[in-house]
2 protein chains.
Amino acid sequence: MIPDPSPDLLARAAQVRRCAMALGQLDDGQRRQAVLAMAEALEQGSEAILAANQADLEAAAAEELAPALVARLKLDGPKLAGAIAGVRQVAELADPVGRRQLHTELDAGLVLERLTVPLGVLGVIFEARPDAVMQIASLAIRSGNCALLKGGREASRSCEAIHAALRCGLAASAVHPDALELLTSREESLGLLKLDGLVDLIIPRGSNAMVRFIQDNTRIPVLGHADGICHLFVDRAADLELALKVALDSKTQYPAACNAIETLLVDASIAADFLPRAVLAFGAAGVELRGDAAAMALGVSHAASEDDWSTEYSDLILSVKVVADLDAALEHIARYGSRHTDAICTGVAATADRFLAAVNSAGVYLNCSTRFADGFRYGFGAEVGISTQTMPPRGPVGLEGLVTYRYRLRGEGHVAADYASGVRQFSHRPLPL
Amino acid sequence: MIPDPSPDLLARAAQVRRCAMALGQLDDGQRRQAVLAMAEALEQGSEAILAANQADLEAAAAEELAPALVARLKLDGPKLAGAIAGVRQVAELADPVGRRQLHTELDAGLVLERLTVPLGVLGVIFEARPDAVMQIASLAIRSGNCALLKGGREASRSCEAIHAALRCGLAASAVHPDALELLTSREESLGLLKLDGLVDLIIPRGSNAMVRFIQDNTRIPVLGHADGICHLFVDRAADLELALKVALDSKTQYPAACNAIETLLVDASIAADFLPRAVLAFGAAGVELRGDAAAMALGVSHAASEDDWSTEYSDLILSVKVVADLDAALEHIARYGSRHTDAICTGVAATADRFLAAVNSAGVYLNCSTRFADGFRYGFGAEVGISTQTMPPRGPVGLEGLVTYRYRLRGEGHVAADYASGVRQFSHRPLPL
């Protein structure tokens, strides 16, 4: 059971929402300047931030935190400078707000526009990683959004120091410092999930388990994904050298990433050619292969269980299945995939087209690594998250994931009765965007 | 508690999803032809449909159904012919599928596209109104989606006859007849809410209470809105004649619509001029006004309670409040509005601009009736629903609300490691759409 938000949290969230109304009316230059002021203040507060992080690290050592967590928690001088440079880069991103997506004259003097506008208030929940607070806070302000930020408990001192600096920066801008609010307790983090009407989007940054918990316990839209079960299908008409290179990169270039493949599907008619070479290459790369019976007959040493097909290893492990044909591959992906990113290697255009049309994932790839599924690699300049939901925004989401749109209709006393009676007719004339 | 879907429902939904994969690969002409074949089959089945509706009407009479429900249930010859003409119009709508929204060369030979694709499977829940089944089924097929359709119990015979005709039509097309599945029991309708992974979007067509129940009981995205609390603010700088005309139309042109206003906000400095005239005009139009103390002092006869400000009357009743200024109006709308459509009447551009920027509703209007908030009036050619959520799609949603997008990346053996090592660099060169 998720507890209701406390009166204190409700009051603070209401204040953030008030700030959102004001922030939503600022122009591009004002928001850009605010982000630069945040960077400036982070620089001036660097000493305090590094000291706070040091205190977090000491507490982590005393609590014998896992080394991986400590590595993510640690913020040294160069890492902080890099994060501040990142904030400045966000300031330079093109404004996602105020873009006209539609412009129609409904009738003389009655003009409809659809314009992008900020979402309003973001709720962001991190595990550890204090640098993510700077990144997401700058993306929020750049796109005209306020944010409730909840860092990991281990990073509490770091987050507080960063938050204090960010507020300082905003105080030297047109944005009210209350636009960024820091939540500190687990109780507040749970309360955030129930702030429907005050929070427009929740962005979780953490483990699959954390994301799934959030998705299961809030009615607020969640930008993110619990699973990244990505596939590569090696078709009978694949260039096998190319396929092996793509398969290795998709698995090993960064196995912990959500866009790394978990399952390799191999067309039966080339399996005897391809799999023995793949077994050697993956073995050399330190990857454990888990295969079905047909794959094991061709050299895969471990047996895959039914669970393997729906497991995100996030590690140097890969499940391997020999499939009869393209249709069998499509069926496997439809059944076990998480609609993240799936790829085919083939030399036949018709086969490629069928795969790219039939696989219902955010990313469908031909003859290239699934590791390209990333906002920076797509050229968005930033990545807010990767969404595996079906409705937009899906896939890697840049700044445009933090805006919505609004219809603006300007008339001169126009009333609907005149169109119902036939006195007037709609023109629906497209105007230049 | 919502019961889990029955094995039978799960099996049927899985079959619909299989059809969705095939339907998603059809081209514009095939989908257009399928919709025309549906219209043809509805024509050929007209006699059976009208007879089934007659049986529904007789059952309704025996059960002493409310006259308003009976009116919505009734399908006579002209109404059916109109609905079939509507299906043919849907066939002629521009294809929402396959539109390229983004086209970028990431590097030589590595090209990214973002293309619109069907959502997959829609779940549609109606109250009564058998004609809506024809409309939404044609919108679904036109946009490449399958659908689970659940009509009202009162309309069960009509829905079955319509569904049989639609299947006949699909049998004479490239679309599998199982693309449209009819649910008949309340148990199935509840089970639908739990078909995450098999159903991509739920479209409720019915009362506010029904929509709210669905929103509260499913994790599947819901396209619709529970409340339509729309406001009109008459600013101190309004043309009072124009404002009165807009106010009357916004309330009385069709009071049961969600885009009719429920609350009139009047700037205090012109209230003494405006309200007495408004009281006369609304009185003549049969509208009951419920005012705050200041409005009552100027002639409004009934007192508004706190509940009135958040009540959607859907009737000839209007709450009236005198506010100190624009800011007070903005605050009232932020507090009580449902983010549907809100309007201002003013002659001052700066005031209009502030209102249009500050009100966070799907529609923000200047000097025109809120009744224009409608997909047909916006020129979309169809309306799937009106959404009051913050994330897109919001406001009146046309066919584009039934599609999502997919990233398609085609390479020639490109791997991420080459970019991580610096051997290759991204070009991110925009290509023509």
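Note that this is a predicted model, so its numbers are computed, not measured.

Definitions and limits used
- Residues numbered from 1 in each chain as written.
- Chains lettered and ligands numbered in written order.
- Predicted model: local features only at pLDDT ≥ 70, side-chain atom pairs only at ≥ 80, totals over all residues.
- Heavy atoms only, no water.
- Helix = DSSP H or I, 4+ residues; strand = E, 2+ residues; numbered from the N terminus.
- Buried < 20%, exposed > 50% of the residue type's maximum accessible area, 1.4 Å probe, protein only.
- Contact = heavy atoms within 4.5 Å.
- Least-squares fit on C-alpha atoms with pLDDT ≥ 70 in both.
- Domains from an automatic or database assignment.
- Salt bridge = Lys/Arg side-chain N within 4 Å of Asp/Glu carboxyl O.
- Pairing = 2+ DSSP bridges.
- Right-handed = clockwise from strand over helix to strand, strands pointing away.

A. View of the environment of Val397(B). All names here are of chain B. Within the secondary structure layout, valine 397 lies in strand S15 (residues 395–397). We classify valine 397 as buried; its relative accessible area is 3%. Taking the C-alpha atoms as reference points, valine 397 and aspartate 95, separated by 302 residues in sequence, lie 15 Å from one another. Those residues in contact with valine 397, other than ones at most four positions away along the chain, are Leu223, Phe380, Ala382, Glu383, Val384 and Gly385.

B. Inspection of the relation of the copies chain A and chain B at higher detail. Least-squares fitting of chain A to chain B yields an RMSD of 0.1 Å, with the superposition described by an axial translation of 0.0 Å and a rotation of 180°. Within this description, the copies of the chain are treated as partners about a two-fold rotation axis. When the interface residues of chain A are mapped onto chain B, 100% of them are again interface residues, pointing to one common binding face.

C. Structural context of the domain arrangement of chain A. By the assigned domains, chain A splits into domain 1 (7–99 + 117–216) and domain 2 (230–372). Each of domain 1 of chain A and domain 2 of chain A has a C-alpha centre, and the two are 38 Å apart.

D. Broad picture of the pattern of salt bridges. Residue and element names in this part refer to chain A. Applying the stated criterion across every chain, the model contains 62 salt bridges over all chains. Where aspartate 95 meets arginine 31, a salt bridge forms, and the shortest distance between an N and an O atom there is 2.8 Å. Residue aspartate 95 is located in the loop between helix H5 (77–92) and strand S1 (100–107), and its partner arginine 31 is located in helix H2 (residues 28–44); the two are separated by 64 residues in the primary sequence. On the basis of relative accessibility, which here comes to 2%, the residue arginine 31 falls in the buried class. Put simply, Asp8, Arg12, Glu181 and Glu188 are held in one network by salt bridges that share partners.

E. Structural view of the pairing of strand S8 (residues 261–267) of chain A. Residues and elements named next belong to chain A. Across the seven residues of S8, seven count as buried, placing the element largely inside the fold. Pairing analysis gives five bridges linking strand S7 (residues 230–234) to S8, with the strands arranged parallel. Pairing of valine 234 across the sheet is with valine 266, part of S8. With helix H10 (residues 240–252) bridging S7 and its parallel neighbour S8, the resulting β-α-β unit is right-handed. Sheet analysis places S8 next to strand S11 (residues 317–323), joined by five bridges and oriented parallel. Bridging from a neighbouring strand, leucine 265 pairs with lysine 321 of S11.

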